[in-house]
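Each chain is listed here by its residues.
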Amino acid sequence: MRALSGLWRWRHNPLCRPTDLAEARLALTALLLLVLVAPLLGVLVGSAAQQDLHRAAREQRLTRHQVTATVLRGLERDPPAADPGTLARDTRSRVLAGWTAPDGSARQGTVLARLRSARPGDRFAVWTDPYGRLVSRPMDSATATTHAVLAGLGAALLAAGLTEAGRRLVLWHMVRLRHARLDRAWERAGPDWGRTGAGG
């Protein structure tokens, strides 16, 4: 509030140039956009993302089914990853497994099972679509909410960044215009400025 009242009083200051007032208005506009519009945009984007993600999660829970797969035989591991520590932390085994689809048909395929040492007959859970094809597990509500919050935060930060970039660009343009006007004023002062006895 003190800044606003100072800006209002500054309007009548004889030392205040029009460019100074324009820069102050630009700064005030950018501040209002940063404080009011950017957070509002973040909330709107986050809310929209949350609705979409929760709807997608509900659809996934309706169309994806957890079934039990049985290891038919173990398969060779993929070539080692570039990071040797990754292989040590990986507790999954590549196996040929069989499972029954929700429609009752028998399916089989290559699966990464969360089994340290898979043997034929071992059982583990997999997620399938209604036709028995392997899919990822459905998104849970916490994950959907986390992604929505990140989307809203990203939108707010992007809006703030664009506002600041726009303010700097306009300010740069205003300073260039001011310098150009100053150069023209110096040229009008003529080549006699500063000389002794030039009538100053």
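**Student:** I'd love a proper account of the overall build of the chain, names of residues and values included.
**Tutor:** Broken down by element type, the chain carries 4 helices and 5 strands. Traced from its N-terminal end to its C-terminal end, the chain shows the element sequence α-α-β-α-β-β-β-β-α. Per-residue burial over the chain gives 24% buried out of 200 residues. Put simply, of all contacts in the chain between residues at least 6 apart along the chain, 64% involve residues at least 24 apart.

**Student:** Go over the layout of surface pockets, please, and point to the residues and values.
**Tutor:** Taken as a whole, the largest pocket encloses approximately 240 Å³ of empty space. Lining of the largest pocket is provided by Arg92, Val111, Leu112, Ala113, Arg114, Phe124, Ala125, Val126, Trp127, Leu134 and Val135. Considering every element that reaches the lining of the largest pocket, the biggest residue donor is strand β4 (residues 123-128), with 4 residues. Of the residues that constitute the lining of the largest pocket, the class distribution is 9 nonpolar, no polar and 2 charged.

**Student:** Lay out the nonpolar core in plain terms, naming residues and giving numbers.
**Tutor:** One finds Val67, Ala69, Val71, Val95, Ala97, Trp99, Val111, Ala113, Leu115, Phe124 and Val126 forming the largest nonpolar core, which totals 11 residues. Of all the secondary structure elements, the ones that give two or more residues to this core are β1 (65-74), β2 (93-100), β3 (106-113) and β4. The contacts of valine 95, once residues within four sequence positions are left out, are Val71, Arg73, Gly74, Leu75, Gly109, Thr110, Val111, Ala113, Ala118 and Phe124.

**Student:** Outline the pairing of β3, listing residues and values.
**Tutor:** Note that β2 and β3 share 8 bridges and pair antiparallel. For alanine 97, the partnering residue across the bridge sits in β3 and is glycine 109. With antiparallel pairing between neighbouring strands as the criterion, β2 and β3 make up a hairpin whose turn holds 5 residues, including glycine 104 at a positive phi of roughly 95°.

**Student:** Which residues make up the pattern of salt bridges, and what values go with them?
**Tutor:** Under the counting rule described, the total for this entry stands at 5 salt bridges. Residue arginine 178 is joined to glutamate 23 by a salt bridge in which the shortest nitrogen-to-oxygen separation is 1.9 Å. Taken together, the residues arginine 178 in helix α4 (residues 141-189) and glutamate 23 in helix α2 (residues 18-63) connect sequence positions 155 residues apart. Of the charged contacts in the structure, one is a salt bridge between glutamate 164 and arginine 168, with a shortest N-O distance of 2.7 Å. With a gap of 4 residues between them, glutamate 164 and arginine 168 both fall in helix α4, about one helical turn apart. Among the ionic contacts, a cluster of salt bridges with common partners joins Glu164, Arg167 and Arg168.

**Student:** Can you tell me about the environment of valine 37, naming the residues and giving the values?
**Tutor:** Tracing the backbone shows valine 37 in helix α2. The exposure class of valine 37 is partly exposed, given its relative accessible area of 43%. As a C-alpha pair, valine 37 and threonine 163 span 126 residues in sequence and 9.8 Å in three-dimensional space.

**Student:** How would you summarise the side chain of aspartate 129 if you had to cite specific residues and measurements?
**Tutor:** By the secondary structure assignment, aspartate 129 is in the loop between β4 and β5 (134-135). Take aspartate 129: its relative accessible area is 11%, and that puts it in the buried class. Within the structure, aspartate 129 has its side chain in polar contact with the backbone nitrogen of tyrosine 131 (distance 2.9 Å). For aspartate 129, the side chain forms a polar contact with the side chain of arginine 133, separated by 2.7 Å. Setting aside anything within four residues of it in sequence, one finds aspartate 129 in contact with Thr63, His65, Pro102 and Val135.

About the criteria used
- Residues numbered from 1 in each chain as written.
- Predicted model: local features only at pLDDT ≥ 70, side-chain atom pairs only at ≥ 80, totals over all residues.
- Heavy atoms only, no water.
- Helix = DSSP H or I, 4+ residues; strand = E, 2+ residues; numbered from the N terminus.
- Buried < 20%, exposed > 50% of the residue type's maximum accessible area, 1.4 Å probe, protein only.
- Contact = heavy atoms within 4.5 Å.
- 1 Å grid on protein atoms, 1.4 Å probe; cavity = no way out; pocket = protein on both sides within 12 Å on 5 of 7 lines; lining within 4 Å.
- Points joined across faces, edges and corners; volume = space filled by probe spheres on them.
- Nonpolar A, V, L, I, M, F, W, Y, C, P; charged D, E, K, R; others polar.
- Core = buried A, V, L, I, M, F, W, Y, C linked by side-chain atoms within 4.5 Å.
- Pairing = 2+ DSSP bridges.
- Salt bridge = Lys/Arg side-chain N within 4 Å of Asp/Glu carboxyl O.
- Polar contact = N/O pair within 3.5 Å; in protein donor to acceptor, adjacent residues only side chain to side chain.

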